[in-house]
Amino acid sequence: YNWQFVTEEVQGQVQYEYAAEFAELIHEKSDGQINIDVFEFGALGSEVDQVEQLQNGIVEFAIISPGFTGGMVAEGQVFALQFLFPDDQEVTQEILNTSEALHTDLAGMYEAHNIKPLAFFTEGAMQWTGSNELRTPADFENFKMRTQESPLIMESYRAYGADPSPLSWSELYTSLDRGVVDGQENPIFFIEDASFHEVQDHMTISNHNNYVAMTTVNPDFYNGLPEEIRALIDETVEEMQPRVFEMQAEMNEALLDSIIEDTENPTEVIELTEAEREAFRELALPVRDFFRDEVVGDEGRAMLELLEEEIAAAQ
Ligand code: 6CS
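Per chain, the residues get numbers from 1 upward, laid out in the order the sequence is written. With pLDDT at 70 or above as the cut-off, local features in this predicted model cover only qualifying residues; side-chain atom pairs require 80 or more to be listed or tallied, and sums for whole chains, interfaces and linings still use all residues.

1. Quick notes on the environment of glutamine 127
And step 1. Going along the chain from the N terminus, every DSSP run of H or I of four or more residues is numbered as a helix, and every run of E of two or more is numbered as a strand. By secondary structure assignment, the location of glutamine 127 is in strand β4 (residues 116-130).
And step 2. With 39 residues separating them along the chain, glutamine 127 and aspartate 88 place their C-alpha atoms 15 Å apart.
And step 3. We call two residues in contact if the C-beta atoms placed from their backbones are at most 7 Å apart. Not counting the four nearest positions on each side in its chain, glutamine 127 is found in contact with Glu185, Ile188, Ile191, Met203, Thr204, Ile205 and Ser206.

2. Observations regarding the packing of helix α4 (residues 100-111) against helix α11 (residues 298-314)
And step 1. Between α4 and α11, the least distance of the axes is 9 Å, while the angle of their chain directions is 170 degrees. Of the possible angle classes, the one that applies to α4 and α11 is roughly antiparallel. Residue-level contacts link Glu100, Ala101, Leu102, Asp105 and Leu106 of α4 to Glu299, Met303, Leu306, Leu307 and Glu310 of α11.
And step 2. Only Asp, Glu, Lys and Arg are considered charged, only Ala, Val, Leu, Ile, Met, Phe, Trp, Tyr, Cys and Pro nonpolar, and every remaining residue, Gly among them, polar. Residues of the contact of α4 with α11, tallied by class, amount to six nonpolar, no polar and four charged. Lines fitted to C-alpha atoms define the axes, with helix axes restricted to the stretch in contact, and inter-axis angles between N-to-C directions lie between 0 and 180 degrees. Relative orientations are named as follows: roughly parallel for angles under 35 degrees, roughly antiparallel for angles over 145 degrees, roughly perpendicular for angles from 65 to 115 degrees, and oblique for any other angle.

3. Here's the deal with the environment of tyrosine 18
And step 1. For tyrosine 18, the position within the fold is in helix α1 (residues 14-29).
And step 2. Linking tyrosine 18 and threonine 267, residues 249 residues apart in sequence, is a C-alpha distance of 29 Å.

4. Describing the nonpolar core
And step 1. In this usage, the nonpolar core is the set of buried Ala, Val, Leu, Ile, Met, Phe, Trp, Tyr and Cys residues whose C-beta atoms join them within 7 Å. Counting other C-beta atoms within 10 Å of a residue's own tells you its class, since 20 or more makes it buried, 12 or fewer makes it exposed, and anything in between is partly exposed; those C-beta atoms are placed from the backbone. Counting 79 residues, the largest nonpolar core has Ile64 and Phe291 as the members making the most contacts within it.
And step 2. Filtering out sequence-adjacent residues up to four positions away, phenylalanine 291 remains in contact with Gln77, Val78, Leu81, Leu152, Val296 and Leu304.

5. Details of the pairing of strand β2 (residues 35-39)
And step 1. Alternating residues of β2 divide into Ile36 and Val38, all buried, and Asn35, Asp37 and Phe39, none buried.
And step 2. In this analysis, strands are considered paired if DSSP registers two or more bridges between them. Examined bridge by bridge, strand β1 (residues 2-6) and β2 share five bridges and lie parallel to one another. Each residue of the ladder has a partner; that of glutamine 4, found in β2, is aspartate 37.
And step 3. Looking down the strands as they point away from the viewer, one classifies a crossover as right-handed if the path from the first strand across the helix to the second runs clockwise. What joins β1 to β2 is α1, and the crossover it makes is right-handed.

6. Topic: the site of the ligand
And step 1. Note on definitions: a residue is near a molecule or strand provided its C-beta atom, placed from the backbone, lies within 6 Å of it. With respect to spatial proximity, the complete set of residues near the ligand consists of Glu8, Glu9, Glu47, Ser65, Glu123, Gln148, Trp169, Asn186, Pro187, Phe190 and Tyr211.
And step 2. Of the residues in the shell around the ligand, the class split is four nonpolar, three polar and four charged.

7. Quick notes on the confidence of the model for the protein
In regions of low pLDDT, the predicted coordinates are not meant to be interpreted in detail.
And step 1. A score from 0 to 100, pLDDT tells how confident the predictor is in each residue. For the protein, the average pLDDT comes to 98, and 100% of its residues sit at 70 or higher.
And step 2. Reported for the predicted complex are a pTM of 0.98 and an ipTM of 0.99.

8. Brief notes about α1
And step 1. With 16 residues, α1 should cover 22 Å at 1.5 Å per step; its first-to-last C-alpha distance of 22 Å lies within 8% of that length.
And step 2. Three or more residues of α1 are buried, namely Val14, Gln15, Tyr16, Glu17, Tyr18, Ala19, Phe22 and Ile26.
And step 3. Just downstream of α1 lies aspartate 31, where phi reads positive at about 50 degrees. In a helix, the anticipated span is given by 1.5 Å times the number of residues less one.

9. Re the packing of helix α3 (residues 89-98) against α11
And step 1. Direction vectors running N to C along α3 and α11 enclose 135 degrees, while the axes themselves pass 10 Å from each other. Relative to α11, the element α3 is oriented oblique. Of the two elements, α3 crosses α11, and the hand of that crossing is right-handed. Of the residues in α11, those touching α3 at Val91, Glu94 and Ile95 are Glu310, Ile311 and Ala314.
And step 2. Classifying every residue of the contact of α3 with α11 by side-chain character gives four nonpolar, no polar and two charged. In a left-handed crossing the near helix is turned counterclockwise from the far helix by less than a right angle, and in a right-handed crossing that turn is clockwise.

Here's what the structure looks like:
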């Protein structure tokens, strides 16, 4: 067998390193029978192009951020709801591993669009960077916020008074540098590795959400495989969950220091207090009603309700 695995990130970043390790494990376990080529981001187009390649079976595996499927699988935007998952990353990952709302309901909605999610994992808590300090909702007034191509992510920033605009991350460094956009959200490892801190003067430790990514497979390809090969894939996906959690935790911790210690490109780092976070949480809550009322139908509403129950039970 020879398969292709595309990611939205490059070498040294979480998704790519995940895919590389996954490919190596599968290669070993199959005694060299299965070879997986892993592609860095950029080789096959934009994040949105990659979703299509997975759907069409041009690639067998992809790591997809639900934000980039926002226009298609509206329910996947549930991950854009800020302050929904627990602040504790381990508890969040446990929910991502076991949630019926995600693994049954949401996975079914993706499968209807020819995308089979095999796993959901966090790449870390997200933080804001900006050309100005972002401490209160007033700081977002008319702020040009880069988002992924998801109507709900955009709505979430409109709720803060910002002016969101969707972009691929391949254009983000230049856009921040030239002031086409004023700021963005991402986990720390990504901010550092993509050098966004070089072109941003401020970073806010806001922990307003997690960056969730999905390991996905083309369902026709997957369903056509012999059972023992599917079992091999499933087992390896499971094995990767604690590995990727560890990877992101290490990178996010180490690269925060790199940002702080980069004296050539100084970045003012502030951490929101609980009271300051509360001001954002209050504005973020009504976005859940928007999700329920405007974005999804009955199935999506039921999915969110179940997920909220699971989150409450986990805390
Ligand atoms: O901001 C983005 O769009 C990118 N961020 C991460 C953490 N991974 C890939 C994604 O495209």
